[in-house]
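Coordinate analysis (summary)
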Amino acid sequence: MKKSIITGITGLRALLAGLLGTLVLGAWAGPGQTAPIAPADLNYPVVEVKPAVVPRTVELVGAGNEYLLLHCRFPGADPASFKIKVIQLGRRGPVPRFQTAFYQLCWAPPASRGKLPPDALLPLDQGLVSTGQALDIIAVFHILSDSSRGTFRLVLVATDKRHIFRLPLKLRVYRFDLPDDLPISIFAQFWPYSRERYRKYGVSATAYLPTIQAYYQSLRKYKVNVLGGVHFFPFDQLRPDTRIEEFRDYHELVEFALNRAKFRSIMIPKLWGWKSINSPGGTFLARALIFYPLYQAYLKRHGWQDRALNYLIDEPKPQDYPAVQQAFALVKKLAPTVRTLCTGWNPAPEF
């Protein structure tokens, strides 16, 4: 039996812009067979389903309360008349319980086509867009906790006004459930764009905060429990007598993320310019002396001292290690309860 991983939640920067976690969809061909796999733009394989050709069976494997992603490509499919569904075969005996959702994988904004990988998931009920010679569709399977266990035969059927596409599936449900929240930290980045940036994509002023909150909820649904970035933070408006609560959009989203969406931790606003910590004209030191004590007090007022991460520096180069060490030392002095986070290679011994 040859194993080939189709995709995982982490593989898509989508699910609205970014995502996500460590849940993985295992996909196997049947015994002695190999499912047709084509290269995918995000370095994850994709099953190509051609009209009037029935590919070999792809097996989906997961536990109760788990989400599985299947990336399919439909050459020659017509976006205007395309429809897709999953049908169970042989309904005698136990029946699996799962929910399906389908999305078109495309570019957002459309002008990024050819410059960046497609990373936006467009719900099919909003209408499909033409992306060239094929449609890329993400099928999301949510195995429910009360599903029967065992192996079940399904078929994914897609049609348009000229074609019929069929993909045989075998769903194998493990004999256990995943909890709603996993006992490990699963981190997802949220890009903190301003209202003006959202307005470019048609998000009105009244829909701004609900749109971000809906995104947070989608991350939690996929078991992401550490939120990288929360919201755009106006550092240029920060003064020594400011309370963080005065930035109402920001505070409302932090409160929503920690108290209502129940993220374990959030990343505090990233103060840029750490390389200039020793430069006379740099703004990092001046802003750090104001921002970090204010943020430390903010966390304390709301009982969030142990639920904040400072992802200040990402993958520093060795020549920058002295500035890295100074920046982190300063931050820990100004906000001692905020845990620091950095990515990169093996840390230097002095770290």
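Rules used throughout
- Counting starts from 1 at the beginning of each chain's written sequence and moves along it residue by residue.
- Restriction of local features to residues with pLDDT of at least 70 applies here, the model being predicted, together with a cutoff of 80 or more for giving and counting side-chain atom pairs; totals for whole chains, interfaces and linings are based on all residues.
- Values reported for side chains reflect all heavy atoms of the structure, with hydrogen atoms and water molecules removed beforehand.
- Labels follow the DSSP assignment, with helices taken as runs of H or I lasting at least four residues and strands as runs of E lasting at least two, numbered in each case from the N terminus.
- Each residue's exposure class comes from its accessible area (1.4 Å probe, protein chains only) as a fraction of the maximum for that residue type: buried when under 20%, exposed when over 50%, partly exposed otherwise.
- Counting of polar contacts relies on pairs of N or O atoms within 3.5 Å, with two restrictions inside protein: one atom must be capable of donating a hydrogen and the other of accepting it, and residues adjacent in sequence are counted only when both atoms are side-chain atoms.
- Contacts are assigned to residue pairs that have any heavy atoms within 4.5 Å of one another.
- Stacked, tilted and edge-to-face pairs are distinguished by plane angle, under 30 degrees for stacked and over 60 for edge-to-face with tilted covering the rest, among Phe, Tyr and Trp rings (Trp via its six-membered ring) whose centres lie within 6.5 Å.
- Think of it as a cone above the ring: NZ of Lys or CZ of Arg counts as a charge over the ring if it is within 6 Å of the ring centre and within 35 degrees of the ring normal.
- Only buried residues count toward a nonpolar core. Its members are Ala, Val, Leu, Ile, Met, Phe, Trp, Tyr and Cys residues joined through side-chain atoms within 4.5 Å.
- Confidence per residue, as judged by the predictor, is encoded in pLDDT with a range of 0 to 100.
- Helix axes are fitted to C-alpha atoms over the stretch in contact, other axes to C-alpha atoms as well, and angles between N-to-C directions run from 0 to 180 degrees.
- The scheme is simple: roughly parallel for angles under 35 degrees, roughly antiparallel for over 145, roughly perpendicular for 65 to 115, oblique for anything else.
- Left-handed describes a crossing whose near helix is turned anticlockwise from the far helix through less than a right angle; right-handed describes the clockwise counterpart.
- Only Asp, Glu, Lys and Arg are considered charged, only Ala, Val, Leu, Ile, Met, Phe, Trp, Tyr, Cys and Pro nonpolar, and every remaining residue, Gly among them, polar.
- Expected helix span is computed as 1.5 Å times (number of residues minus one).
- Paired strands are those between which DSSP finds at least two bridges.
- Salt bridges are defined as contacts in which a side-chain nitrogen from Lys or Arg sits within 4 Å of a carboxyl oxygen from Asp or Glu.

Points about the side chain of Asp136
Mapped onto the elements of the fold, Asp136 is located in strand E10 (residues 134–143). According to the relative accessible area criterion, Asp136 is buried, its value standing at 13%. Within polar-contact distance, the side chain of Asp136 engages the side chain of Arg73 at 3.0 Å. Excluding its chain neighbours within four sequence positions, the residues that come into contact with Asp136 are Val46, His71, Cys72, Arg73, Tyr103, Gln104 and Leu105.

Description of the packing of aromatic side chains
Within the structure shown, the criterion is met by 19 aromatic pairs. When the ring of Phe74 is compared with that of Phe165, the centres are 5.2 Å apart and the planes differ by 80 degrees; the resulting orientation is edge-to-face. Note that Phe74 is positioned in strand E6 (residues 66–75) and Phe165 in strand E12 (residues 164–177), a separation of 91 residues in sequence. Judged by relative accessible area, Phe165 falls into the buried class, the value being 0%. The interplanar angle of 65 degrees and the centroid separation of 5.5 Å between the aromatic rings of Phe233 and Phe291 together place this pair among those described as edge-to-face. Of this pair, Phe233 sits in the loop between strand E14 (226–228) and helix H3 (248–260) while Phe291 sits in helix H4 (residues 284–302), placing them 58 residues apart in sequence. Joined through ring pairs, the aromatic side chains of Phe233, Phe235, Phe247, Tyr250, Phe291, Tyr292, Tyr295, Tyr298 and Trp304 make up one cluster. Here the guanidinium or amino end of Arg197 rests over the ring plane of Tyr193, the centre of that ring lying 4.1 Å away.

Some details on the nonpolar core
Of all hydrophobic cores here, the largest spans 56 residues; its most connected members are Tyr216, Leu227, Tyr250, Val254, Phe284, Tyr292 and Tyr295. Contributing elements (two or more residues each) for this core: helix H2 (208–221), H3, H4, strand E16 (308–314) and helix H5 (321–334). Element by element, the count of residues in this core is highest for H4, at eight residues. The next biggest cluster of nonpolar side chains, apart from the first, holds 29 residues, and it includes Phe82, Ala139, Ile143 and Leu167.

Some thoughts on the confidence of the model for the chain
Low-pLDDT stretches of the model should not have their predicted coordinates read in fine detail. Of the residues in the chain, 87% reach a pLDDT of 70 or more, and the chain-wide mean stands at 83. Here residues 1–42 scores under 50 on pLDDT; set against residues more than four positions off or in separate chains, the count is 137 contacts.

Considering the packing of H2 against H3
In a packed pair of helices, the relevant descriptors are the angle between the two axes and the axis-to-axis distance. In the contact formed by H2 and H3, the axes pass within 11 Å of each other and the chain directions differ by 25 degrees. The angle between H2 and H3 places the two elements in the roughly parallel class. As for how H2 packs across H3, the hand of that crossing is right-handed. Across the interface between the two elements, Tyr208, Leu209, Ile212, Gln213, Tyr216 and Gln217 of H2 pack against Asp249, Glu252, Leu253, Phe256 and Ala257 of H3. Here the residues of the contact of H2 with H3 are counted per class, giving seven nonpolar, two polar and two charged.

Observations regarding H4
With 19 residues, H4 should cover 27 Å at 1.5 Å per step; its first-to-last C-alpha distance of 26 Å lies within 8% of that length. Of the surrounding elements, those touching the buried residues of H4 are H3, strand E15 (265–267), E16 and H5. Looking one or two residues beyond H4, the residue adopting positive phi is Gly303, at roughly 70 degrees.

Remarks on the pairing of E6
Summarising burial for E6: nine of the 10 residues are buried, a large majority. Summarising the sheet, strand E4 (residues 46–48) and E6 pair through two bridges and their orientation is parallel. For Val47, the partnering residue across the bridge sits in E6 and is Cys72. When E6 meets E10, the two strands line up antiparallel, connected through 10 bridges. Each bridged residue has a counterpart across the sheet, and for Leu68 the counterpart in E10 is Phe141.

Description of the pattern of salt bridges
In total, this model carries 12 salt bridges according to the counting rule given. In this structure, Glu48 engages Lys50 in a salt bridge whose closest nitrogen and oxygen atoms are separated by 4.0 Å. Under the relative-accessibility criterion, Lys50 is labelled partly exposed at 43%. Put simply, Asp181 and Arg220 hold a salt bridge, and the shortest N to O gap is 3.7 Å.

What about H3?
Spanning 13 residues, H3 covers 17 Å between terminal C-alpha atoms, matching the ideal 18 Å at 1.5 Å per step. All of the buried residues along H3 are Tyr250, His251, Leu253, Val254, Phe256, Ala257 and Leu258. Buried positions along H3 lie against H2, E14, E15 and H4. Positioned one or two residues after H3, Lys262 has a phi angle of 65 degrees, which is positive.

Re the environment of Pro118
By secondary structure assignment, the location of Pro118 is in the loop between strand E8 (98–106) and strand E9 (120–123). Between the C-alpha atoms of Pro118 and Ala108, which are 10 residues apart in sequence, the distance is 7.4 Å.

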